[in-house]
Amino acid sequence: MKTIISIAFLTLCTTTFSQTINQSYNSATEFSSNNKQSIKVTGNRLKINTKIIYNALPNGYHITYTYTSISSSIEALEDETTIKRDAILKSIKKLNIKPSDVIVDVIGLDPIFSLNSDSFNVNIPTGFKSTHNITFNIEGIETVDQLSKICFKNNIYDIIDIVPYINSSKIIEDSLSRKAIEVLNQKKKLAKEIGYSITDGKPSFEKTRNTIFPSERYLKSFIQNTSLYRHHISQNSTINYNRRVEIDAYYNLDLRDADFVFNSKEVKPVIQFIYEINYGFIKRDREEEARLKELRIEERKTKKNIFILDKNGKMKEVTF
């Protein structure tokens, strides 16, 4: 019974530790705090923050795989690459991927030397190793699964990256700026209704823009389980079961403090365009200006005039 209680406590501690890692990660990112001030008035200063987000579906994706080949000669490596490329181009026709949307790059070519040199003590390569990147231009993210299966059949297993792209962001930028100005004017109206008059002062503003790709929204953390109870093996026994799982399949959109979000219901991974306008206004304090003016006049009235004698014996006023 004590063993079971100890195992349960250990499992709880492990789970709590994993959750702590996730919380620490989230706290370290820009998305941890949504307690931001949209409208702030301090004395005669007004600050208004406006944030608009556009969730844009990519026009396509560049997905890159990599593989390594070893052969006795460079010619054999070239033949192997040609055979592999032709097989892939034949298979991807059913995915409507054109040959022009496939690029094969040689990123490494290294000789392989044997441990024994020849009779002249000269090391001659006994083989060669080449590393290739294959990049595909695809339209939809749903194609990745089928494309990966084709690559697996041709002994290509590693994905380097999937990079989404947009052909033109002009329409997105125009939509963001128009909406940001609309929301800003609404907040100015609210400030006036509360009692702050945006007249007779000096305005200022700052526009910021940021673009976040899906890969930047994936959480990275680890689950560690150092002991796992297995009652079906032997009663009241434990076995060590080391497990390390990287979580990189969670996509979190930052929508909490936005004033407006375009395509907020989109469930596919999107490119987020974040558009902010920080508006400020400093209202003139006429009463304070009048008080300072009177103070300067009084200082001039009470100002002492200092005279000195010059070398000719004449009085001369000293100015500072």
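I'd like to hear about the packing of aromatic side chains, residue by residue, with values.
This structure, assessed with the given rule, holds five aromatic pairs. Ring geometry for tyrosine 54 and phenylalanine 262: centres 4.9 Å apart, planes at 25 degrees, overall stacked. In this pair, tyrosine 54 sits in strand β2 (residues 45-56) while phenylalanine 262 sits in strand β10 (residues 260-262), placing the two residues 208 residues apart along the sequence. Exposure remark for tyrosine 54: the relative accessible area of 15% places this residue in the buried category. Look at tyrosine 196 and phenylalanine 281: their rings are 6.4 Å apart centre to centre, the planes differ by 90 degrees, and that puts the pair in the edge-to-face class. Linking tyrosine 196 in the loop between α4 (170-194) and β7 (201-212) with phenylalanine 281 in strand β11 (residues 271-283), this pair joins segments that are 85 residues apart in sequence.

Quick one: what's the story with unusual backbone geometry, residue by residue and with numbers?
Positive phi is not limited to glycine here, since asparagine 96 has a value of about 60 degrees. Along the chain, asparagine 96 turns up in the loop between α2 (74-91) and β4 (102-113). Residue asparagine 96 is classed as exposed on the basis of its relative accessible area, which comes to 71%. We note that asparagine 155 has phi near 60 degrees; this positive angle belongs to a residue other than glycine. For asparagine 155, the location among the structural elements is in the loop between α3 (143-153) and β6 (158-165).

So what about α2? Which residues, and what values?
For α2, which comprises 18 residues, the first-to-last C-alpha distance of 26 Å matches the rise-based estimate of 26 Å (1.5 Å per residue) to within 8%. Among all positions in α2, only Leu77, Thr81, Lys84, Ile88 and Leu89 are buried. End-on, the buried residues of α2 take up no more than an arc of 130 degrees, which puts them together on one face. Of the exposed residues in α2, the ones pointing more than 90 degrees away from its buried face are Glu75, Ile83 and Lys90. Buried residues along α2 sit against β3 (60-71), β4 and β5 (125-138).

Before we move on, can you summarise a nonpolar patch on the surface with the specific residues and values?
A cluster of nonpolar side chains, contributed by Ile74, Val106 and Leu109, occupies part of the molecular surface with about 250 Å² of accessible area. Inspection of the secondary structure assignment puts leucine 109 in strand β4. On the basis of relative accessible area, leucine 109 is assigned to the partly exposed category, the value being 45%.

How would you explain the sheet that holds β6 if you had to name every residue and give the values?
Two strands in a sheet stick together by hydrogen bonds in their backbones, pointing the same way (parallel) or opposite ways (antiparallel). Strand order across the open sheet formed by four strands is β4-β5-β3-β6, with antiparallel pairing between neighbours. Looking at the sheet topology across the chains shown, the edges are occupied by β4 and β6. Averaged over all neighbouring strand pairs, the angle between strand axes comes to 15 degrees, with direction disregarded. Both β3 and β6 contribute to a ladder of seven bridges, which runs antiparallel. Paired with isoleucine 63 across the strands is isoleucine 162, a residue of β6. Together, β3, β5 and β6 form the strand contacts of α3, whose direction differs from that of β3 by roughly 10 degrees.

Procedures and definitions
Residues numbered from 1 in each chain as written. Predicted model: local features only at pLDDT ≥ 70, side-chain atom pairs only at ≥ 80, totals over all residues. Heavy atoms only, no water. Phe/Tyr/Trp six-rings, centres within 6.5 Å; stacked < 30°, edge-to-face > 60°. Helix = DSSP H or I, 4+ residues; strand = E, 2+ residues; numbered from the N terminus. Buried < 20%, exposed > 50% of the residue type's maximum accessible area, 1.4 Å probe, protein only. Expected span 1.5 Å × (residues − 1). Arc of directions from axis to C-beta. Contact = heavy atoms within 4.5 Å. Patch = residues over 30% accessible without salt bridge, like charges linked within 9 Å, V, L, I, M, F, W, Y side chains within 5 Å. Areas by Shrake-Rupley, 256 points an atom, 1.4 Å probe, with all protein chains shown as cover. Salt bridge = Lys/Arg side-chain N within 4 Å of Asp/Glu carboxyl O. Pairing = 2+ DSSP bridges. Axes fitted to C-alpha atoms, helices over the stretch in contact; angles between N-to-C directions.

None of this, on its own, says anything about what the molecule does.
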